Amino acid sequence: MPKVLIATEKPFAAEAVQQIKAELDQAKYPYEFLENYTDVADLHKAVAEADAIIIRSDIVDAAVLDAAKKLRIVVRAGAGYDNIDLVAATAHDVVAMNTPGQNSNAVAELAIGMMIYMARGKFNGKSGSELAGKKLALYGYGYVARYTAKIAIGIGMEVFAYDPYISNEVMTNEGVKPLSKVADIFTTGDYISLHIPANKETKKSITWDLLGLVRSGCTIVNTARKEVIDEEALLKAFAEKKKFRLVTDVEPDCHAELMEKYADRYFATPKKMGAQTEEANTNAGVAAARQIIAFFEKGDVAFKVN
Ligand code: 3PG
């Protein structure tokens, strides 16, 4: 039977681990967990005998693939697969998959929670503001954005979105006002929530051309990837726009400078928290195990990304 390695530098919740084990036990697939590892050499060693790997944000690059002589499939238990070298995976004849949608509600709840945290002045005891009546502009309209929109509409926000891959009809049916170009997101939102993947088109794509457009008092909410923002432009936005705020799930490279100069308008989670719920871990982890079983049993490649 194929051997599955679950390699998670940031481990799944105990409940999720139990349920992943139950799925694999039922299929009679042997497995091994490598959790909390700090040395990539441990990963290289552990992948040597694996036919399949389940990962989170763990890096699967050419070196890992070279060490994984038997590997047929890697499943990223989550949405973003920028941590997998897809070209190297294909060259090694390894199928790469993600588990879209499975952890999205958790990320959406964090995005809303971070908006409230900033609206209330990071709970500093002074009068803050409410989200109701404010404009939320979503950059991207995938699963996380859609869950975020649903909650935001419930709170009473006016929600807008731009996504060239999603029809206006889908948005309007969900009570969201479609925007026709990227710049409109930045001119419209009191809150701008980023929901784009990190790839060669999007990395550093949020430049001063866009950040220079934001309204006074605008808050950028980043539960996507730090790499999508051009940090020079970000620092300029903080310097020139005296009420500009950023709340982000994982520190940008300029974290120390932002903390030093603008701590009242900036917050970053110390470790990526978006998908850190028992429910999200369970949904994504179990989906990953099932996708691996379906791949070996039926040749199912439904969620292949390479
Ligand atoms: C994702 O892409 O699914 C999220 O960023 C969650 O990543 P994590 O599994 O590393 O928390």
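Our subject is the structure that appears above.
Reference entry: report on the structure contained in this document. All figures in this text were calculated on a predicted structure; none of them were measured in a lab.

Quick look at the packing of aromatic side chains
For the coordinates displayed, the defined rule picks out ten aromatic pairs. Judged by centre distance (6.4 Å) and plane angle (50°), the ring pair of Tyr139 and Tyr162 falls under tilted. Here Tyr139 is found in strand E6 (residues 135–139), whereas its partner Tyr162 is found in strand E7 (residues 158–162), with 23 residues between them in sequence. Where Phe238 meets Phe244, the ring centres are 5.0 Å apart and the plane angle is 90°; that geometry is what we call edge-to-face. One exposure class covers both Phe238 and Phe244, and it is buried. Grouping aromatic residues by their ring pairs yields a cluster made of Phe238, Phe244, Tyr262 and Tyr266. Against the face of Phe160 rests Lys177, its NZ or CZ located 5.6 Å from the ring centre.

Remarks on the packing of helix H5 (residues 104–119) against helix H6 (residues 143–155)
The geometry of a pair of packed helices is captured by two quantities: the angle between their axes and the separation between those axes. Packing of H5 against H6 leaves a shortest axis separation of 8 Å and a crossing angle of 45°. With respect to their mutual orientation, H5 and H6 come out oblique. In this structure, H5 meets H6 at a crossing whose hand is right-handed. For the pair H5 and H6, contact is made by Ser104, Asn105, Val107, Ala108, Glu109, Ala111, Ile112 and Met115 and by Tyr143, Val144, Tyr147, Thr148, Ile151, Ala152 and Ile155, respectively. Of the residues that constitute the contact of H5 with H6, the class distribution is eleven nonpolar, three polar and one charged.

Calculation criteria
Residues numbered from 1 in each chain as written. Predicted model: local features only at pLDDT ≥ 70, side-chain atom pairs only at ≥ 80, totals over all residues. Heavy atoms only, no water. Phe/Tyr/Trp six-rings, centres within 6.5 Å; stacked < 30°, edge-to-face > 60°. Helix = DSSP H or I, 4+ residues; strand = E, 2+ residues; numbered from the N terminus. Buried < 20%, exposed > 50% of the residue type's maximum accessible area, 1.4 Å probe, protein only. Lys NZ or Arg CZ within 6 Å of the ring centre and 35° of its normal. Axes fitted to C-alpha atoms, helices over the stretch in contact; angles between N-to-C directions. Parallel < 35°, antiparallel > 145°, perpendicular 65-115°, else oblique. Left-handed = near helix turned anticlockwise from the far one by under 90°. Contact = heavy atoms within 4.5 Å. Nonpolar A, V, L, I, M, F, W, Y, C, P; charged D, E, K, R; others polar.

This is a description of form; function is not addressed.
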